[in-house]
Amino acid sequence: MQKLGNVGVPSAILETVGMTREFRGFVAVNSVDLCVQEGTIHALIGPNGAGKTTCFNLLTKFLAPTRGTIRFKGHDITGQKPADVARLGLVRSFQISAVFPHLSAMENVRLALQRARGGSFDFWRPESLLHGYDSRARALLADVGLEGYEEEQAALLSYGRKRALEIATTLALEPTMLLLDEPTAGMTHEDVDRIVALIRRIRERGVTCLLIEHDMRLVMTLSEYITVLDYGTKIAEGLPHVVRSDAKVMEAYLGRGAAAGEYGKQEAGTGGGASA
């Protein structure tokens, strides 16, 4: 956090300049400049096919950019590998819950803790030695609202609780920035409320969040800053109330047929509909 006089000014934790990805002549992400301020909840939105998930893949190095640069915490990570970026503290979740279904919630988080602490060879040690991770695993499960579900098999958890478990495993890696790809997709209202509260708690602990989300009511109430993509190009950026009324944003959604009706209905409240 930089200071200007006596006022704290958030500094950029993640920046891209001219980030571009081409696939055999098709430009999926076109010269995107992105700046995420430390300690904020920043949303990346846009209609279907806008390039949002491709951006996440570029930021976390599952894809290499055709050109452009990516900087995280002042480090140029453009040419780094996913594991290197994760070690720096940039960690992501995926659109589909990525947990081990036949392991318990506790075992899933314990595996993540072992990996975070470089315990790859712990698998060859007596199980009794692995219980040193249990107290931290229980604390992480409690943090995401899964207290009492420690011994529940992951496959038996509701979808929302599976997503909460996945977030617990990412928090085990002690990220300074968390990328959430549609964290509330397919959830009940109760599960959505649980995940929204969790994201806010994560942010309050100083973890920066960048999220892709299709529920525009949620985006407008949860996010502090929004970047909008359309056909791989950034078309708008700013505070939620500014983005909501932006003519280019409204045109991008209203020109999408079926999405137009959903966006129009939600815009009458506080948002609209999009998906990655």
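For the structure given in this document, a descriptive report is provided here. All of these numbers come straight from a predicted model, not from anything done at the bench.

### Brief notes about the packing of helix α6 (residues 159–171) against helix α7 (residues 189–204)
Thought 1: Two elements in contact, α6 and α7, have axes whose closest approach is 9 Å; the angle formed by their N-to-C orientations is 15°. One way to sum up the angle between α6 and α7 is to call them roughly parallel. Classified by chirality, the crossing of α7 by α6 is right-handed. Facing Gly160, Arg161, Arg163, Ala164, Ile167 and Leu171 of α6, the residues of α7 in contact are Asp191, Arg194, Ile195, Leu198 and Ile202.
Thought 2: The class makeup of the residues in the contact of α6 with α7 is six nonpolar, one polar and four charged.

### Comments concerning the sheet that holds strand β6 (residues 67–72)
Thought 1: The strand order β4-β3-β6-β7 describes an open sheet built from four strands, whose pairing is antiparallel. Two strands in the sheet have a free side with no partner beyond their single neighbour: β4 (26–37) and β7 (75–76).
Thought 2: Relative to β7, β6 runs antiparallel, the two sharing two bridges. Bridge pairing in β7 links Phe72 to His75.

### Concerning the sheet that holds strand β9 (residues 177–181)
Thought 1: Judged by pairing direction, the sheet is mixed, and its six strands sit side by side in the order β8-β9-β10-β5-β11-β12 without closing on themselves. Looking at strand neighbours, the two that pair on one side only are β8 (90–92) and β12 (233–238), the edges of this open sheet. Sheet twist, expressed as the mean angle between neighbouring strand axes with direction ignored, is 20°.
Thought 2: Of the pairings in the sheet, the one linking strand β11 (residues 225–230) to β12 comprises five bridges and is antiparallel in character. For Ile226, the partnering residue across the bridge sits in β12 and is Gly238.
Thought 3: In the packing of helix α1 (residues 52–59) onto the sheet, contacts are made with β5 (41–45), β8, β9, β10 (208–212) and β11, and the angle to β10 comes to roughly 145°.
Thought 4: Each of β5, β11 and β12 is contacted by helix α10 (residues 247–254), which is oriented at about 130° to β12, the strand it contacts most.

Rules of the game
Residues numbered from 1 in each chain as written. Predicted model: local features only at pLDDT ≥ 70, side-chain atom pairs only at ≥ 80, totals over all residues. Heavy atoms only, no water. Axes fitted to C-alpha atoms, helices over the stretch in contact; angles between N-to-C directions. Helix = DSSP H or I, 4+ residues; strand = E, 2+ residues; numbered from the N terminus. Parallel < 35°, antiparallel > 145°, perpendicular 65-115°, else oblique. Left-handed = near helix turned anticlockwise from the far one by under 90°. Contact = heavy atoms within 4.5 Å. Nonpolar A, V, L, I, M, F, W, Y, C, P; charged D, E, K, R; others polar. Pairing = 2+ DSSP bridges.

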